[in-house]
Amino acid sequence: FPVTIHHPFATREQVDYFNNGKLQMLFASGNVVYLLDRTGRYVNPYPKKIAKLVELGPKVYRSGDSFMIMLLHTDNTLGLYDKECRPVQTWTDIEVEETIKEFPELIEVGGNKYWVLRTQLKTRIYTINGMEVTTALGNSSLLPTTPIKRSSGHEVEVRRADGIEIRLNLETREIKKL
């Protein structure tokens, strides 16, 4: 590489930044996100300095002709960025007590998108903007391995940590035992 990287990086993603069929390499090191073309040159507007150090990522989520970038920061928060690596304005960073070890899955239910974050202790579901839906469970939680089965409309069938199966409406947060 003709580019000097000052911190190690482990994760890289290939993206088609210009939607022209040519791939570039996206990766993070320290608190900088890089996008390099196939010859190792920076792609404008990269490199981008961000406010927090990166623990893991980037993880790219494609959305039509564009994409979003998720980064796990060293303070155990998940941040979401647009393709120019600007924080998504409507996004609220996801913070949990237990250590996040992998990125959430992006699912679609009832025409809306949701993040499913699994940790060693439990599964949490968030709106596309990072607001937790599973707070509706109160003192209960979802099993870390619970399948998420789309039911009808905005509802999913899931299993709580106590083994009880429920139907959770992701829009209204209404809970029904099965």
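One can find the structure itself at the top, above this paragraph.
This text gives an overview of the structure that appears in the document.

Points about the sheet that holds strand 5 (residues 54-63)
Inference 1: Taken together, four strands build an open sheet; the order of strands is 5-6-7-8 and the sheet is antiparallel. The sheet is open, and its two edges are formed by strand 5 and strand 8 (94-95), each paired on a single side.
Inference 2: The sheet contact formed by strand 6 (residues 66-73) and strand 7 (residues 77-81) spans four bridges and is antiparallel. Each bridged residue has a counterpart across the sheet, and for L71 the counterpart in strand 7 is G79.

As for the nonpolar core
In a soluble, globular protein the nonpolar side chains are often hidden away together inside.
Inference 1: With 16 residues, the main nonpolar core has L26, V33, L35, Y46, I50, I69 and L71 as its most contacted residues.
Inference 2: Taken together, the elements giving at least two residues each to this core come down to strand 2 (24-29), strand 3 (32-36), strand 5 and strand 6.
Inference 3: Setting aside residues up to four positions removed in sequence, L71 forms contacts with A28, V33, I50, V54, L56, G57, P58, T77, L78, G79, Y81 and F103.

So, the pattern of salt bridges
Inference 1: In this structure the tally under the stated criterion is 14 salt bridges.
Inference 2: With its nearest N and O atoms 3.2 Å apart, the salt bridge here joins D75 to K52. With D75 in the loop between strand 6 and strand 7 and K52 in the loop between strand 4 (48-49) and strand 5, this residue pair connects regions lying 23 residues apart in the sequence.
Inference 3: A salt bridge links K176 to E155; the nearest nitrogen and oxygen atoms lie 3.6 Å apart. Of this pair, K176 sits in strand 15 (residues 175-177) while E155 is found in strand 13 (residues 155-159), placing the two residues 21 residues apart along the sequence.
Inference 4: The class for K176 is partly exposed, based on a relative accessible area of 36%.
Inference 5: Shared partners join several salt bridges into a network, and the residues in it are K149, E155, E157, R167, E174 and K176.

Focus on the environment of N169
Inference 1: Structurally, N169 is set in strand 14 (residues 165-169).
Inference 2: When the C-alpha atoms of N169 and S151 are compared, they prove to be 9.3 Å apart, with 18 residues separating the residues in sequence.
Inference 3: When residues no more than four places from it in sequence are discounted, the contact partners of N169 are H154, E155 and E174.
Inference 4: One polar contact links the side chain of N169 to the main-chain amide nitrogen of E171, over a distance of 2.8 Å.
Inference 5: A polar contact is formed between the side chain of N169 and the backbone nitrogen of T172, at a distance of 2.9 Å.

Considering the packing of aromatic side chains
Inference 1: This model, assessed by the stated rule, comprises seven aromatic pairs.
Inference 2: Geometrically, the ring pair formed by F27 and Y34 is stacked, given 5.1 Å between the ring centres and 20° between the ring planes. Accessibility assignment for this pair places F27 and Y34 in one class, buried.
Inference 3: Relative to Y42, the ring of Y34 has its centre 6.2 Å away and its plane inclined at 15°; by these criteria the two rings are stacked.
Inference 4: The class of Y34 is buried, set by a relative accessible area of 5%.
Inference 5: When its relative accessible area of 39% is taken as the criterion, Y42 is described as partly exposed.
Inference 6: Here the aromatic cluster, defined as three or more aromatic residues joined through ring pairs, consists of Y17, F18, Y46 and F67.

Here is what the cut-offs are and how they apply
Residues numbered from 1 in each chain as written. Predicted model: local features only at pLDDT ≥ 70, side-chain atom pairs only at ≥ 80, totals over all residues. Heavy atoms only, no water. Pairing = 2+ DSSP bridges. Helix = DSSP H or I, 4+ residues; strand = E, 2+ residues; numbered from the N terminus. Core = buried A, V, L, I, M, F, W, Y, C linked by side-chain atoms within 4.5 Å. Buried < 20%, exposed > 50% of the residue type's maximum accessible area, 1.4 Å probe, protein only. Contact = heavy atoms within 4.5 Å. Salt bridge = Lys/Arg side-chain N within 4 Å of Asp/Glu carboxyl O. Polar contact = N/O pair within 3.5 Å; in protein donor to acceptor, adjacent residues only side chain to side chain. Phe/Tyr/Trp six-rings, centres within 6.5 Å; stacked < 30°, edge-to-face > 60°.

Note that every value here comes from positions in space, so none of it alone points to a role or purpose.
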